[in-house]
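# Examination of the molecular architecture
Okay, here's what each chain looks like letter by letter:
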Amino acid sequence: MIQNVLVLGATGGTGTAIVDACLARDLTVTVFGRSLTKLRAHFPSHVSYAQGDVFDVASIVTAGAEADLIIQCAAVPYHETVARQLPLAESVMTVAKQLGVRVVYVDGIYAYGASTGHPVSETAPLRPISKKGQIKAQLTQYLFSDTFHSVPTCLIRLPDYFGPSTQASSYLGLTMMGIAACKPTFYIGSRSVSREYVFLPDAAEMILNVALSKTNFTGIWNIPGQQITGDRLIKLASDASGDHKPLFTLTKPVLRLLGLFDADLKEIVEMYYLTKKPVILDGRKYQEAFGDLIETPFERSVPFTIGQIALAHQK
């Protein structure tokens, strides 16, 4: 029975949602990060705090001494994805092997490559067409390699996401934060294209359903979202904020230009293909194991997100 959970990258958007979901299920949670001050400010109560670096095996081992489960949500800076993704995985998996615990590794969809026009299942061949996609495919092979055959491992793949814990590091983060603050902001890609987004509280619940399962755990799991056009999403968010400041569309040429001044925006250029013909996740594996997908309607999730972000900025 899983009771003690160590969450790496706990103050990030996904990590925060997962910590909240763990606490709602009365699990004992240790949050791990580089700054105790930040951890305590972010989670003022009901958790244990552990300071350390996700690239330092010893500090994670100390933090996870009582853990039954490690949930890996830590992210490297976007422009360092290629260089640091595998060293991060090596650190996390080495800890899990040493402690003898199961590990949930939360990741994205880049390894799948370009859309085939049909929802992509967990068994689909990996055909990455970008540098970041190639390193994500290598990550998949590494997690399930013979080196870590003794570690019960689950790789969760999420589409783009949003929610009250959304941060500037996500594609929708700055868009939602700007709308909530009633400031001019931007949206990456065509607003008329229907893309898949998952509401982080929904994703966290489904991730925990997999993570805590006695019979369904190891392997790759898609956690799908729902589809919506940028125009519809932006309208719901703007209506919720009560203010309609200008919102600019970032096209590929504009991203290239802005990338001269911002390393992360520069890295988005190679992933722009996902905004034109999005990859959609097939959720049948989850449905067969756990029942219906958890899907809060956009009409509720988007206003809730805007309201919570605005409230956080007022504090």
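Residues numbered from 1 in each chain as written. Predicted model: local features only at pLDDT ≥ 70, side-chain atom pairs only at ≥ 80, totals over all residues. Heavy atoms only, no water.

## A look at the environment of Ser 190
Stated precisely, the cut-off is as follows: Only runs of H or I of at least four residues qualify as helices and only runs of E of at least two qualify as strands under DSSP, and these elements are numbered from the N terminus. Categorising residues by exposure relies on relative accessible area from a 1.4 Å probe, with only protein chains included: less than 20% of the type maximum marks a residue as buried, more than 50% marks it as exposed, and the intermediate range marks it as partly exposed. For this analysis, a polar contact is any N or O atom pair within 3.5 Å, provided that within protein one partner can donate a hydrogen and the other can accept it, and provided that sequence-adjacent residues contribute only side-chain to side-chain pairs.
On the secondary structure map, Ser 190 appears in the loop between strand E8 (185–188) and strand E9 (194–199). For Ser 190, a relative accessible area of 28% corresponds to the partly exposed category. On a C-alpha basis, the gap between Ser 190 and Thr 249 in space is 7.0 Å, while along the polypeptide they are 59 residues apart. For Ser 190, the side chain forms a polar contact with the side chain of Ser 192, separated by 2.9 Å.

## A word on the sheet that holds strand E11 (residues 226–229)
Strand pairing within a sheet occurs via backbone hydrogen bonds; the two strands may be parallel or antiparallel. Quick note on the threshold: One bridge is not enough; two strands pair if DSSP finds at least two bridges between them. To obtain an axis, a line is fitted to C-alpha atoms, over the contacting stretch when the element is a helix, and the angle between two such axes runs from 0 to 180 degrees between their N-to-C directions.
Strand order in this open sheet of three strands is E7-E9-E11, and the pairing throughout is mixed. Edge strands, defined here as strands with exactly one partner in the open sheet, are strand E7 (160–162) and E11. Averaged over all neighbouring strand pairs, the angle between strand axes comes to 50 degrees, with direction disregarded. Bridge count for E7 against E9 is three bridges, and the pairing is parallel. Within the sheet, the bridge partner assigned to Phe 162 lies in E9 and is Phe 199.

## Quick look at the packing of helix H4 (residues 81–99) against helix H5 (residues 131–143)
Note the threshold: Note that the term roughly parallel is reserved for angles under 35 degrees, roughly antiparallel for angles over 145, roughly perpendicular for angles of 65 to 115, and oblique for everything else. Each crossing is labelled by how the near helix is turned from the far one, with a counterclockwise turn of less than a right angle marking it left-handed and a clockwise turn marking it right-handed. Whether two residues touch is decided by their heavy atoms; if any such pair falls within 4.5 Å, the residues are in contact. Amino acid classes used here: Ala, Val, Leu, Ile, Met, Phe, Trp, Tyr, Cys and Pro are nonpolar; Asp, Glu, Lys and Arg are charged; the rest, including Gly, are polar.
Orientation of H4 relative to H5, taken along the N-to-C sense of each, is 15 degrees, at an axis distance of 9 Å. Taken together, H4 and H5 sit at an angle that is classed as roughly parallel. You can see that H4 and H5 cross each other, and the crossing is right-handed. Here Thr 81, Val 82, Gln 85, Leu 86, Ala 89, Glu 90 and Met 93 of H4 lie close against H5, whose contacting residues are Lys 131, Lys 132, Ile 135, Lys 136, Gln 138, Leu 139, Tyr 142 and Leu 143. Classifying every residue of the contact of H4 with H5 by side-chain character gives eight nonpolar, three polar and four charged.

## What to know about the state of the cysteines
A covalent bond between the sulfur atoms of two cysteines is what we call a disulfide. To be explicit about the condition: Any two cysteine sulfur atoms lying within 2.5 Å of each other are counted as a disulfide.
A complete count under the given rule lists zero disulfides for this structure. With no disulfide of its own, Cys 22 lies closest to Cys 73 among cysteine sulfurs, the gap being 8.9 Å.

## Some thoughts on helix H6 (residues 173–180)
Owing to its 3.6 residues per turn, the α-helix aligns residues three or four sequence positions apart on the same side. Buried residues dominate H6, accounting for six of its eight residues. Residues of H6 that are buried include every one of Gly 173, Thr 175, Met 176, Gly 178, Ile 179 and Ala 180, and no others. In this structure, the buried side of H6 is in contact with E7, E8, helix H8 (230–241), strand E12 (247–250) and helix H13 (298–314). Where H6 ends, the next residue or the one after it, Cys 182, has phi of about 60 degrees, a positive value.

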